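For reference, the chains in residue letters:
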Amino acid sequence: MKLSRMTLANLLRLSNGESIAASGLRKDIAEELRKEGLLTVRTQGSRRTMRAVDCAALRLYVEANYTMMDLDEAAAIVSGDNELTRACLAEATGDSKLVNVRSCPGFPVNAYSPIRCTLHGRELTVCPPEGSFMFISDWKEFAVDADALVVGIENMENFRKVSMQRHLFESVWGCNARLLFVSRYPQSTDLRSWLRSIPNRYIHFGDFDLAGISIFLTEFHYCLGNRSSFFIPNDIEERLRNGSADRYNSQYVRFHNLRCNDVPELQSLVDLINKYHRCYDQEGYIEG
């Protein structure tokens, strides 16, 4: 995939937390990033703007799938009206085939209390120090005890700060629940493939909006069936009352026909979102 100077510049701006015009990215790139839950689009009159849902996650995805190198370095390589091509990568890295190499397969894992796992058949305890998480590269050789709950967290800030949401999880599953937290970035297909290979129950914790529910249904529930469920806190109705109307309005045209009839508790959440015409970001559950 060739990336123009403008595309790289706008991807860099998005990863730095800025908003850009919806016309600032090629349609195929913007659509892919939206499907991955990395971009949100806001409409104000005739003006449409895009913004990163999670800047760190967007940067990871772009570097792993588009540039295959640090995004700042890629933007620096391109000058004038040039494009980021194999020649540019060869000049910068000495390897023109770098664009076809997945340098970072796997997915990150986290926990706020020790979780026993195995990697290549050897015991591995997941309990990273505060402020860090672990990355599992050889995911095909990774396993967790069958009685552990696997909790997938969409937004990277929530994933990094699981200990600051411990009260939330314990209010639902109790103090003795064994939770392994996972993230689908930078490669979502690896995580889904791993989830399909294990017997554990999967809980999806994402934003409480129609787009987030659609991601769960199409990318996780479709593959895992009744072994998967969407995390719904006890106080979600109260939170939605004071949620974002702009987010709801920006998603309404695309998702207003969303139905979850085969998952009654999720349909109840959709009904609440439509009742209050508001959405709520999962970052609101981070304490402190």
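For the structure, check the block above.
Figured I'd write up the structure that's included with this text. Starting afresh in each chain, residues are numbered from 1 along the sequence in its written order. This being a predicted model, a pLDDT of at least 70 is required before a residue's local features are given, and a value of 80 or more before pairs of side-chain atoms are given or counted; all residues contribute to the totals for chains, interfaces and linings. Heavy atoms throughout the structure, all of them, feed into the side-chain values; hydrogens and water do not.

### Section: the pattern of salt bridges
Then, in step 1: Salt bridge, as used here, is a side-chain nitrogen of Lys or Arg placed within 4 Å of a carboxyl oxygen of Asp or Glu. One pass over the full model with this rule turns up 18 salt bridges.
Then, in step 2: Of the charged contacts in the structure, one is a salt bridge between Arg 247 and Asp 209, with a shortest N-O distance of 2.9 Å. Taken together, the residues span a long stretch of sequence, with Arg 247 in helix H11 (residues 245-255) and Asp 209 in the loop between strand E13 (202-205) and helix H9 (210-224) at a distance of 38 residues. Elements are defined by DSSP. Helices are runs of H or I of four residues or more, strands are runs of E of two residues or more, and each kind is numbered from the N terminus.

### Focus: the environment of Ala 52
Then, in step 1: Counting through the fold element by element, Ala 52 comes out in strand E4 (residues 47-52).
Then, in step 2: Along the primary structure Ala 52 and Leu 14 are separated by 38 residues, whereas in three dimensions their C-alpha atoms are 5.6 Å apart.
Then, in step 3: In this structure Ala 52 touches Leu 14, Leu 38, Leu 39 and Leu 58, once residues within four positions along its chain are discounted. Whether two residues are in contact is decided by their heavy atoms: any pair within 4.5 Å suffices.

### Some points on the sheet that holds strand E2 (residues 20-21)
Then, in step 1: Strand order in this open sheet of three strands is E2-E4-E3, and the pairing throughout is antiparallel. The strands lining the two open edges of the sheet, one partner per strand, are E2 and strand E3 (39-44). Strand pairing is assigned whenever DSSP identifies at least 2 bridges connecting the two strands.

### Quick notes on the pairing of strand E6 (residues 107-110)
Then, in step 1: Exposed residues in this analysis have more than 50% of their type's maximum accessible area, buried residues have under 20%, and partly exposed residues fall in between, with area computed by a 1.4 Å probe over protein chains only. Along E6, one buried face is formed by Phe 107 and Val 109 and the opposite face, lined by Pro 108 and Asn 110, is buried too.
Then, in step 2: Pairing geometry for E6 and strand E9 (residues 134-136), over three bridges, is antiparallel. Pairing of Pro 108 across the sheet is with Phe 135, part of E9.
Then, in step 3: The pairing of E6 with strand E12 (residues 179-182) spans two bridges and is antiparallel. Its bridge partner lying in E12, Val 109 is registered against Val 182.

### Topic: the nonpolar core
Then, in step 1: Put simply, buried Ala, Val, Leu, Ile, Met, Phe, Trp, Tyr and Cys residues joined by side-chain atoms within 4.5 Å make one nonpolar core. Of all hydrophobic cores here, the largest spans 83 residues; its most connected members are Leu 25, Leu 33, Trp 194 and Ile 213.
Then, in step 2: Among the elements that line this core, the one with the most residues is H9, at seven residues.
Then, in step 3: Those residues in contact with Ile 213 that lie beyond four places of it in its chain are Phe 230, Leu 258, Cys 260, Leu 266, Leu 269, Val 270 and Ile 273.

### Regarding the sheet that holds strand E7 (residues 115-119)
Then, in step 1: Ordered in space as E8-E7-E10, the three strands form an open sheet in which the pairing is antiparallel. A strand with exactly one partner marks an edge of an open sheet, and here the two such strands are strand E8 (122-126) and strand E10 (142-144). With strand direction ignored, the average angle separating the axes of adjacent strands in the sheet is 35°.
Then, in step 2: Bridge count for E7 against E10 is three bridges, and the pairing is antiparallel. Looking at E10, one finds that Thr 118 is bridged to Ala 143. As a rule, the C-alpha atoms of each element are fitted with a line to give its axis, helices using only the stretch in contact, and angles between N-to-C directions run from 0 to 180 degrees.

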